[in-house]
Amino acid sequence: MTHRTIKAWVSGRVQGVSYREHVRRHAERWGITGHAINLEDGRVEVTAHGEAIAIAELIDQLWEGSPSADVTDVTVEEATIAAPASFTTG
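Worth saying up front: this structure is predicted, and the values here are computed from it rather than measured.

Rules and cut-offs
Residues numbered from 1 in each chain as written. Predicted model: local features only at pLDDT ≥ 70, side-chain atom pairs only at ≥ 80, totals over all residues. Heavy atoms only, no water. Helix = DSSP H or I, 4+ residues; strand = E, 2+ residues; numbered from the N terminus. Expected span 1.5 Å × (residues − 1). Buried < 20%, exposed > 50% of the residue type's maximum accessible area, 1.4 Å probe, protein only. Arc of directions from axis to C-beta. Contact = heavy atoms within 4.5 Å. UniProt positions renumbered as here; feature names shortened; annotations may be inferred. Polar contact = N/O pair within 3.5 Å; in protein donor to acceptor, adjacent residues only side chain to side chain. Axes fitted to C-alpha atoms, helices over the stretch in contact; angles between N-to-C directions. Parallel < 35°, antiparallel > 145°, perpendicular 65-115°, else oblique. Left-handed = near helix turned anticlockwise from the far one by under 90°. Nonpolar A, V, L, I, M, F, W, Y, C, P; charged D, E, K, R; others polar.

Undergrad: Just checking my understanding: could you explain helix α2 (residues 52–64) for this structure?
TA: Since one α-helical turn is 3.6 residues long, residues separated by three or four positions face the same way. The end-to-end C-alpha distance of α2, which contains 13 residues, comes to 19 Å, matching closely the 18 Å that a straight helix rising 1.5 Å per residue would cover. Within the span of α2, buried status applies to A54, I55, L58, I59, Q61 and L62. Take α2 and look down its axis: the buried residues cluster within an arc of 160 degrees, on one side only. Residues of α2 that are exposed and angled more than 90 degrees away from the buried face: I53 and E64. Tucked into the core, α2 has its buried residues touching β1 (3–13), α1 (19–29), β3 (44–51) and β4 (70–78). Positive backbone phi, approximately 70 degrees, marks G65, located one or two places after α2.

Undergrad: Help me understand the UniProt feature "active site" (unreviewed entry) in the protein chain, please; the structure alone is not making it clear to me.
TA: The UniProt entry lists R20 and N38 under the feature "active site" (unreviewed entry), expressed in the numbering used here. Despite a sequence span of 19 residues, these residues sit close together in the fold, their greatest C-alpha distance being 8.1 Å. Summarising the element assignment, R20 is placed in helix α1. When residues no more than four places from it in sequence are discounted, the contact partners of R20 are A36, I37, N38, V44, T89 and G90. Among the polar contacts made by the side chain of R20, one reaches the side chain of N38 at a distance of 3.3 Å. Checked against the element boundaries, N38 lands in strand β2 (residues 33–38). Accessibility expressed as a relative area gives 30% for N38, which makes it partly exposed.

Undergrad: Is there a simple way to explain the UniProt feature "domain: Acylphosphatase-like" (unreviewed entry) in the protein chain in this structure?
TA: In the UniProt entry, the feature "domain: Acylphosphatase-like" (unreviewed entry) is given for residues 5–90. Annotation note: span residues 5–90, helix share 28%, strand share 41%, distance between end C-alpha atoms 19 Å.

Undergrad: Help me out: how do you make sense of the packing of α1 against α2 in this one?
TA: Two quantities define a packed helix pair, namely the angle between the helix axes and the distance between the axes. Axis separation between α1 and α2 bottoms out at 10 Å; the angle between their running directions is 160 degrees. Taken as axis vectors, α1 and α2 run roughly antiparallel relative to one another. By crossing handedness, the relation of α1 to α2 is classed as right-handed. For the pair α1 and α2, contact is made by Y19, H22, V23, H26 and A27 and by L58, Q61 and L62, respectively. Among the residues making up the contact of α1 with α2, the classes are represented as five nonpolar, three polar and no charged.

Structure (structure tokens):
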């Protein structure tokens, strides 16, 4: 089982539209830990750690977002951070 850790920045209409909650629900369903937080510049930052296939699924969901979201860009990079115990939003 190969694990992967990523950090992503999501742009568009992603704040105030239940985007972070949408990401959290999918992350928890796939056993991914990490966080989704609002940034001051209007983007959402997502860190995620889990099985590589689950991370790939989550990246697809970052582009889709919640029904009210309008995602215009997702930038993803590999990360080397300690695996968190759960997935949180903040």
